[in-house]
Amino acid sequence: MYQSKITGTGKYHPEKVLTNDDLSKMVDTSDEWIIQRTGIKERRQSDLTKDEFPSGMAYHSAKEAIENALLKPNDIEIIVFSASLPDMLFPNTASCLQDKLGITNKCACIDVNAACTGWVYGMTMANSLIQTGVYKNILVVGTEMTSTFNNWEDRSTCVLFGDGSGSVVLSRADDNDTAKIYDSVLSSDSSKLDALILPNGGSKSPVTAEILEKREQYMSMDGQVIFKNAVKTMSSHCATLLKRNNLTLDDIDWFIPHQANLRIIETTGQLLKCPPEKVIVNVEKYANTSSASIPAALHEAVIDGRIKRGQKLLFAAFGAGLTSGAMLLEF
Ligand code: UT7
């Protein structure tokens, strides 16, 4: 069995900043409420005239990740693309990204949708493809244009989300490399499908004039169900990974949880007994960018020098489904 390691990272966030004060002019909310309940100060919003749809944002983060891996676009053998809402229903967004990156090797392209957990699902699949010798270089992307399915008249959700992209190149490790993916765990709890849902716009319920009139083309969420489930599943998945790899939190250098809400991040850290200084947080700048949040936060911490080669990292995510997942690795 081969081992895989992260050889390159990249991120992209749209230029346009929406502050909490900007939102308080659109809905009945305040900077104070948003900061107190979520820790979010601002988020980025895509501009379609600047190609900031999923494959357009992913072009920038993927290009950076491929360059940082010291590879050329044509070295990529499969693109695994996580997006909750793709560029279009088909062709898939991974194929659109192949085109944008100028990849001419006809590499495999697949989209993964596990909502905010999608990138951890994609990484787990990519790791298996490397372990079994199928591929040597895989591009794993998480990119989200949440502003499309955000109801900008619903204060209980619109303050929470932002747009962005994060990418990683996962490559076959050399025999003498210590860097590797140790383990991962994935789950989904379909007893809570309605807790975070975008029910209209797919095959089961195409968008009609009536849906548009009732403004039901957007997502809806039971925030408290998601909150409780998030802290429970993320902490238990991380505990499972540590236990079955004979490690403790003392062995972990950095914990990167899905950046949805500072209170969720802090509560999960407390349940895990993880010192706050080991937790990577950037939710205040970008809000919840769904499956882009972990790869983008990873890239930021690699670039600013916090995350170094040889360190052990723990990722954990949760989202609609209700999906959840965690991954343990040496960078
Ligand atoms: O990737 C997964 C995505 N989803 C999440 O991560 C969401 C997880 N859940 C959460 O983050 C939290 O549940 C929220 C931030 C969504 C809400 O925080 P909360 O502490 O659970 O607040 P709440 O829902 O209990 O609402 C408290 C009050 C309500 O008013 P009343 O009923 O007490 O009068 C809400 O109407 O806050 C009100 N409220 C707001 N007030 C000002 C809800 N949204 C806002 C708002 N501004 N934006």
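Preceding this paragraph is the structure being described.
Summary of the structure given here. Quick caveat, the model's predicted, so the values are computed rather than measured.

## Considerations on the overall build of the protein
Within the protein one finds eleven helices and 13 strands. Relative to the compact-globule value of 20 Å for 331 residues, the protein shows a C-alpha radius of gyration of 19 Å, a close match. Across its three principal directions, the C-alpha atoms of the protein cover 60 × 45 × 35 Å. Relative to its 331 residues, the protein shows a buried fraction of 55%. Residue pairs at least 24 apart in sequence account for 77% of intrachain contacts in the protein once pairs closer than 6 positions are excluded. Here the protein carries 33 positive and 40 negative side-chain charges, and the mean point of each set is 4 Å from the other.

## A few points about the nonpolar core
By size, the foremost hydrophobic cluster in this structure holds 41 residues, and its most contacted members are C238, F255, I264, L314, F318 and L328. For this core, the secondary structure elements donating two or more residues are α8 (223–244), α9 (262–272), β12 (312–319) and β13 (323–330). It is α8 that contributes the most residues to this core, eight residues altogether. I78, A114, I181 and I307 belong to the second-largest nonpolar core, a separate cluster that totals 30 residues.

## Regarding the site of the ligand
Taken together, 24 residues form the shell around the ligand, and within it T29, R37, Q224, N261 and N288 come nearest. With respect to the ligand, the side chain of Q224 contributes an N or O atom lying 2.5 Å from an oxygen atom. Interatomic distance of 3.3 Å between a side-chain N/O atom of R263 and an oxygen atom of the ligand. Burial of the ligand by the protein amounts to 73% of the accessible area it has alone, namely 950 Å². Elements that contribute at least two residues to the shell around the ligand include exactly α2 (31–38), α6 (155–158), α8 and α9. Broken down by element, the shell around the ligand gets its largest block of residues, four residues, from α8. For the shell around the ligand, the class distribution of residues is twelve nonpolar, eight polar and four charged.

## Re the packing of aromatic side chains
Tallied over the full model, the rule gives one aromatic pair. A centroid spacing of 5.6 Å and a plane angle of 55 degrees characterise the contact between W119 and F315, whose relative ring orientation is tilted. Placement of the pair is W119 in helix α5 (residues 118–131) and F315 in strand β12, with a sequence separation of 196 residues. For the pair shown, W119 and F315 are each scored as buried. A cation over a ring is seen here: R309 above F331, with NZ or CZ 3.9 Å from the ring centre.

## Focus on the sheet that holds β12
Remark on secondary structure: sheet strands pair via backbone hydrogen bonds, oriented parallel or antiparallel. Taken in spatial order, the four strands make up an open sheet running β8-β13-β12-β11, and their pairing is mixed. Each having just a single partner strand, β8 (180–188) and β11 (254–257) make up the two edges of the open sheet. Averaged over neighbouring strand pairs, the angle between their axes works out to 10 degrees when direction is ignored. Sheet topology note: the β11/β12 ladder contains four bridges and is parallel. For P257, the partnering residue across the bridge sits in β12 and is A316. Sheet contacts for α8: β8, β11, β12 and β13; angle to β13, the most-contacted strand, approximately 35 degrees.

## Some thoughts on the sheet that holds strand β4 (residues 78–82)
If you walk across this open sheet you meet the five strands as β1-β7-β6-β4-β5, and the pairing is mixed. Here the strands that pair on one side only, and so sit at the sheet edges, are β1 (4–12) and β5 (108–112). On average, each strand axis in the sheet is tilted by 15 degrees relative to the strand beside it, whichever way the strands run. Its contacts with the sheet put helix α3 (residues 54–68) on β1, β4, β6 (137–144) and β7 (164–172), and the angle it makes with β1 is roughly 135 degrees.

## Some words on the side chain of S235
Residue position: S235 is located in helix α8. For S235, a relative accessible area of 11% gives the class buried. Apart from residues lying up to four places away in sequence, S235 is in contact with T268, L271 and L272.

## Re the pairing of β6
With eight of eight residues buried, β6 lies mostly within the body of the structure. Side chains of β6 alternate between two faces, with N137, L139, V141 and T143 and I138, V140, G142 and E144 buried alike. Pairing of β4 with β6, which is carried by five bridges, proceeds in the parallel orientation. Looking at β6, one finds that F81 is bridged to V141. The pairing of β6 with β7 spans eight bridges and is classified as antiparallel. Residue pairing for β7: E144 is matched across the bridge by G164.

Conventions and cut-offs
Residues numbered from 1 in each chain as written. Predicted model: local features only at pLDDT ≥ 70, side-chain atom pairs only at ≥ 80, totals over all residues. Heavy atoms only, no water. Helix = DSSP H or I, 4+ residues; strand = E, 2+ residues; numbered from the N terminus. Rg over C-alpha atoms; globule rule 2.2 N^0.38 Å. Buried < 20%, exposed > 50% of the residue type's maximum accessible area, 1.4 Å probe, protein only. Contact = heavy atoms within 4.5 Å. Lys, Arg positive; Asp, Glu negative; His and termini not counted. Charge placed at Lys NZ, Arg CZ, Asp CG, Glu CD. Core = buried A, V, L, I, M, F, W, Y, C linked by side-chain atoms within 4.5 Å. Near = heavy atom within 4 Å. Polar contact = N/O pair within 3.5 Å; in protein donor to acceptor, adjacent residues only side chain to side chain. Areas by Shrake-Rupley, 256 points an atom, 1.4 Å probe, with all protein chains shown as cover. Nonpolar A, V, L, I, M, F, W, Y, C, P; charged D, E, K, R; others polar. Phe/Tyr/Trp six-rings, centres within 6.5 Å; stacked < 30°, edge-to-face > 60°. Lys NZ or Arg CZ within 6 Å of the ring centre and 35° of its normal. Pairing = 2+ DSSP bridges. Axes fitted to C-alpha atoms, helices over the stretch in contact; angles between N-to-C directions.

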